[in-house]
Amino acid sequence: MSVTATEPVSKEAEQNWPAWFRDQQTSAWADYEGSPDPTRKDEPWRFSNIGAIGLAEFQPAESVTSEGRLINISQGLADVSAKLVFGNNALLHQDVERLPHGVLLKSLEAAAREDEELFRKFFMVQPIELGSHKYASLHQARLSTGAFLYVPKNVEVALPVEIFHWIEGENASIFPHTLVVCGENSKVTVIDHFKSADGKRAFACGVNDLHLEQGAQLNYVAIQEWTRESLAFHLNSTIVGRDASSTALNINFGGGFVRGESLSRLIGEGARSVMLSLNPMDGERQIDQRTLQDHAAPHASSDLLYLNSLDDASRTIFAGLIKVEPGAHKTDAYQKVRNLMLSDQAEANSMPGLEIQADDVRCTHGATSGEINEDELFYMQARGIRKSDGRRLIVNGFFRSLLERLESGSLRTYLGGMVSKKLGVSSA
Amino acid sequence: MSTDTEQDISIDRSIGDFRYDVDYAFDAGTGLSERTIDYISDVKGDPDWIRAFRKDAYRRFVEKPMPTHWASHDLDNIVFENIRYYLSQGTAPKRSWDEVPENVKRTFERLGIPEQERKFLAGVEAQFDSEAAYSNIKKAVGEQGVIFVGSTEGLHKHPEIFRRWFGKVIPTGDNKFSALNSAVFSGGSFIYVPPGVKVKHPLQAYFRINAESFGQFERTLIIADEGSEVMYMEGCTAPKFETTTLHSAVVELVALPGAKIQYVTVQNWSPNVFNLVTKRGLAHEEAEIKWIDCNIGSRLTMKYPSVVMKGRKARGEVISIALANDGQHQDTGAKMIHAANETTSNIVSKSISVGTGRATYRGLVHVPRHLKGCKNNTECDALLISSHSRTDTYPAISVRGQGNACQHEASVSQISEDQIFYMQQRGISEGAAMSLAVNGFVNDLVQQFPMEYSVELKRLIDLEMEGSVG
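These numbers come from a predicted model, not from an experiment.

Caption draft 1: Main features of the overall build of chain B. Each helix and strand counted, chain B has 12 helices and 24 strands in total. Its C-alpha radius of gyration of 21 Å places chain B within 12% of the 23 Å reference for a compact globule of 470 residues. Sorting the 470 residues of chain B into buried and exposed places 57% on the buried side. Looking at chain B alone, contacts between residues at least 24 apart form 83% of all its contacts between residues at least 6 apart.

Take a look at the structure:
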C-alpha cells in the first residue's frame, strides 16, 4: 500500500501515543488530503521540479532486517555525550547515561506520554510557511517516533548529542523528527545523521524544530546522506529567544530531489541565528532550498551562507527571504548564496529576497554564480598538481571556508573529513 | 491617506495637477467589450489585421487572471468596467503648435513642452488622452530618413517596417496588461532610424491624461537599424482625480546589429494612477539597449524594463530610480535575458521609501545552457526614510553552465544620523539635510539622465522630501 493511501493509524501508534496525539494525526491526515499539490505557479515553488515529487510508489517502511548491524555502524564523532539510533520509524538504540542531570533525551512518543506539557508547548507549533505545509501534514500524520531533547535552564552539555536516522528497503518511507528545546542559558550541540542502510531508493519526509529560550546556545548540524535516487523533504525551524544564539548547518551529500525549508524566527532582543548550508551537487541531483530569516524583535541578527558546487547536470534552487517586521529596529541581517559552476549542464537558480518594514536596519544580501578561477588552477598546475585534482582542491577549499564558521574544532575536523571524502580529496 | 500627507505630496504634483475642459469628438464610452474595440478600430480606420489582432488580444485579456499570486492585491481595485478606453479630438496630430486646439496647447505650454522642443529636442510628440495632439520632427532629422510618428500613422504609412516588428518583442499574451494594451492601444510613438544614422538630440514624447476615469494605452515601437543611435525620452503627468486612472503602455525596442537605443522615462503620474507598463528591447549582435527609468508618481507602478540579448556581444542595461511616498507602491525592476554568447548586462536600482511608501525591486536574470562569456551585474540599494516605510527585493537569477558570471548585491539602509547631525551643525535645516542625503544617495544615477532631466529630477526629489522628516 502506498504511503499516501488512507489507512488507519498503525498498531504501534495505538499503543505508544496518547489519544490526543492520535487525534492530531487524524486531523493532520485530513489536512494532507485536503491540501492541493503545489504547482510551479505557486511562488514558493517557483523554478521547482514538481514532477519529481511523486509519492504514490513509496511504501510505509517495514522493520529493519538487522538492528544490531545498524547500531554498530552508527558511528559519528569519537566523543559524544549521548546517542539515539532510529531505523525505519522505530527507535533501535539509546545511549543517554552520560547526559548531565535533568537533560531529557528520549523518543517523541515517550515525551508525549511523560512530558506532555513540554511536548505540547513545542511540538510542531511553528507553522510551515515556506511552501511544504502539505508535506508537513503528511509527516505529522505518519509520524511514529523521533528524537526529543530537552536541556534545562543553565545546563551545559559538553559533548555533542548524536542522532542517527536510517532508512532501509526499496521505496521505503520514513518520517524522521528531531525536536530540540534549549532552556534558559543552556548549551548543547546536536548532530542529526540521515543515512541509507542499503543504498536503495527511498522517501524521507523529516521535520526538525529547534527552540532556544533566553540566552541559550545551540549548535545543530544535519548531515544528509540519502541515496542519489531518493526523494526527501527536510523542514526545519529555529525559534530564537532573547540573547540566544543558534548556528544550524545543513549538509546535503545525497538525495536525488531534496526540498529543504529552513526558517529562523528571532523573537527576542539580541537573538542571533546563523544559517549555513553546504551542498556538493553532482549527477542529476537537485536541491531546492527555501529559507526565511524572520526578524520579529529589535536588535537581533541573522547571518545566512549557502554554498553550492554544481557538477554534471545537477541543479540547485535557492530562495531566501530576509523579513524585517515592523518595529524590529536595529536588525542586522545578512544573506549570501554562492554557486560554483563546475559543468556546462549544471543549473543554479537564486532568489535572494528582502522584505523590510522597519527603517533602522542593516540588511544585505548577495548571490553569485561563477566558475573556478583559472589562475588558481594554473598556480596549482605549475606546482605539479593535476588539473582534476586542482579542481577538487578548490571545491574543497570553497566548502572548508564555510566550516570555519563552526565553533567546535573537533566538529570542523570531522565534517571537513566528510567533505574531502565526498569530493575525493585526501583529508589533510 | 491622511490630509496631512496629501499636503506633503501635493507640492510636487502641482506641476501636472491642473486641467482644462476639452470637448472630445470621439468617446468610446465607459467599459470594455468587443464593441469598444470596433469603435476604436472604426475611428482609427484600422486595417483588418489590426482589428483581428485587437480582438484576439481582448479575448486573452479576459482569459488571463490578475497576477496577484505574486503581485500586489491593490490590482484588484481596478474596475475595468468603470474605465473610459478611448477619448480624442481626432486621430491626426498637428504639425504646428498653432494648429493645436487652445486648451490642449495651453496644457502642454504649462508643462513646458514647446519650450523644451525649441531648446534641445530633435522631435516631439505630445499625446493628449488617446491620441497625439502634436507631432513634429526637426527638418534636418527627418531628412536623414528618421521616422518619428504616432503608432497609427506608423501603421498606415510604414506598414512594411511596422508589421515586421509590431508585437514581436512583446507578444500579446505576455501578461494581462500587455493583452489589454494590444486590444485597445492608441497613440505612442513609432520610430525608425536608418542604418548608420546617429540622432544627435533626443526625441521626446509627452503623455498627458486629462480626462477622469480614463485609461491611456499608448504603444511605442522603436527600431534602430544597423549602427544607428537614438535617445528617446518620455514624460507624463495627469491631474489628480478621486477616481482611478489606468495607464498601461507597451513599449517594444529593436536594436539591429551595432545599434544603440537609450530610453529615458520620468514617470510623474498623479497618485490615483495605476501605471502597469510592459517594456522590452531586443538587442541584436553588438547592439546596446539602455533603459533609464525614474518612477516618482502613480499609486501603483508595475514595470520591469527588459532586454533580450539575442546577438553575440549584445549589451543590456537598466538604471532605475524609484521614490515611493505616502500611499505609493513602486514595484519596479529589470529583466535580462541572455540569449547569445558574450552578452553583458548591468542593473543598478536605487529606491527610496518615504512615509508609508513601499518600493519593491523585482529582477530576473536568465543565462540559459550552452552560452559562454555572459556576465550580469546587479546592484540594488534601498533607502528607508521613516519607520512605516517598506522595501522589498525579489530577484531571480538562473545560470546554466560554467563560463558565465552573475553577481547580485542588495542592501537596505537608512540615512545615517551622523550625516544629518553633521549638516545640522553647519546650519542646514533637518529637511534640507535629508534632501541632500537622498540626493547624494541617487546622485550617481541621476547623472545618467540628460542634463535637462537630471536638474528636474533633483528638484522633484527635493520637493518630495520636503515635510517628510520626522
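Picking up where we left off.
Caption draft 2: Region of interest: the overall build of chain A. Looking only at helices and strands, chain A has 9 helices and 21 strands in total. The C-alpha atoms of chain A give a radius of gyration of 21 Å, which matches the 22 Å a tight globule of 428 residues would have. Evaluated residue by residue, chain A yields a buried proportion of 51% over its 428 residues. A sequence separation of at least 24 residues applies to 82% of the contacts in chain A between residues at least 6 apart.

Caption draft 3: Inspection of the confidence of the model for chain B at higher detail. Counting all residues, the mean pLDDT for chain B is 90, and 96% of those residues have values of 70 or more. Of the two predicted TM-score estimates for the complex, the pTM is 0.90 and the ipTM is 0.86.

Caption draft 4: Region of interest: helix α11 (residues 430-446) of chain B. Residues and elements named next belong to chain B. If you check α11, its first and last C-alpha atoms are 23 Å apart, about what 17 residues at 1.5 Å a residue would give, namely 24 Å. Within α11, burial applies to A433, M434, S435, V438, F441, V442, L445 and V446. Its buried side turned inward, α11 meets β18 (315-324), β20 (344-353), β22 (375-384), α10 (417-425) and α12 (451-465).

Caption draft 5: Seen up close, the interface of chain B and chain A. The interface is formed by 32 residues belonging to chain B together with 34 residues belonging to chain A. Those elements that provide at least two residues to the side of chain B that touches chain A are β23 (390-400) and β24 (405-414) of chain B. Tallying contributions element by element places β23(B) first for the side of chain B that touches chain A, with 11 residues. The residue makeup of the side of chain B that touches chain A, split by class, is 12 nonpolar, 16 polar and 4 charged. Here strand β20 (residues 347-356) of chain A pairs with β23(B) via 7 bridges, running antiparallel. For E347(A), the partnering residue across the bridge sits in β23(B) and is R400(B).

Caption draft 6: View of the packing of helix α2 (residues 34-44) of chain B against helix α3 (residues 48-63) of chain B. Residue and element names in this part refer to chain B. Taken N-terminus to C-terminus, the directions of α2 and α3 make an angle of 155 degrees; their axes are 10 Å apart at the nearest point. Between α2 and α3, the angle falls in the class roughly antiparallel. Seen along the crossing, α2 lies across α3 with a hand that is right-handed. Listed contacts from α3 to E34, I37 and S41 of α2 are I50, R51, R54, K55 and Y58. Class assignment of the residues belonging to the contact of α2 with α3 gives a composition of 3 nonpolar, 1 polar and 4 charged.

Caption draft 7: Examining the packing of α11(B) against α12(B) more closely. All names here are of chain B. One way to put it is that α11 packs onto α12 with a least axis distance of 9 Å and a crossing angle of 145 degrees. Crossing handedness for the pair α11 and α12: right-handed. Here G431, M434, S435, V438, N439, V442 and V446 of α11 lie close against α12, whose contacting residues are S454, L457, K458, I461, D462 and M465. Of the residues that constitute the contact of α11 with α12, the class distribution is 7 nonpolar, 4 polar and 2 charged.

Caption draft 8: Representation of unusual backbone geometry. One non-glycine residue, D243(A), lies in the positive phi region at around 55 degrees. D243(A) sits in the partly exposed class, given 19 other C-beta atoms within 10 Å. In this structure, H370(B) takes a positive phi of about 70 degrees despite not being glycine. Residue position: H370(B) is located in the loop between β21 (358-367) and β22. C-beta crowding within 10 Å serves as the criterion here: with 10 such atoms nearby, H370(B) is assigned to the exposed category.

About the cut-offs
- Residues numbered from 1 in each chain as written.
- Chains lettered and ligands numbered in written order.
- Predicted model: local features only at pLDDT ≥ 70, side-chain atom pairs only at ≥ 80, totals over all residues.
- Helix = DSSP H or I, 4+ residues; strand = E, 2+ residues; numbered from the N terminus.
- Rg over C-alpha atoms; globule rule 2.2 N^0.38 Å.
- Buried ≥ 20, exposed ≤ 12 C-beta atoms within 10 Å, placed from the backbone.
- Contact = placed C-beta atoms within 7 Å.
- pLDDT = per-residue confidence, 0-100.
- Expected span 1.5 Å × (residues − 1).
- Nonpolar A, V, L, I, M, F, W, Y, C, P; charged D, E, K, R; others polar.
- Pairing = 2+ DSSP bridges.
- Axes fitted to C-alpha atoms, helices over the stretch in contact; angles between N-to-C directions.
- Parallel < 35°, antiparallel > 145°, perpendicular 65-115°, else oblique.
- Left-handed = near helix turned anticlockwise from the far one by under 90°.

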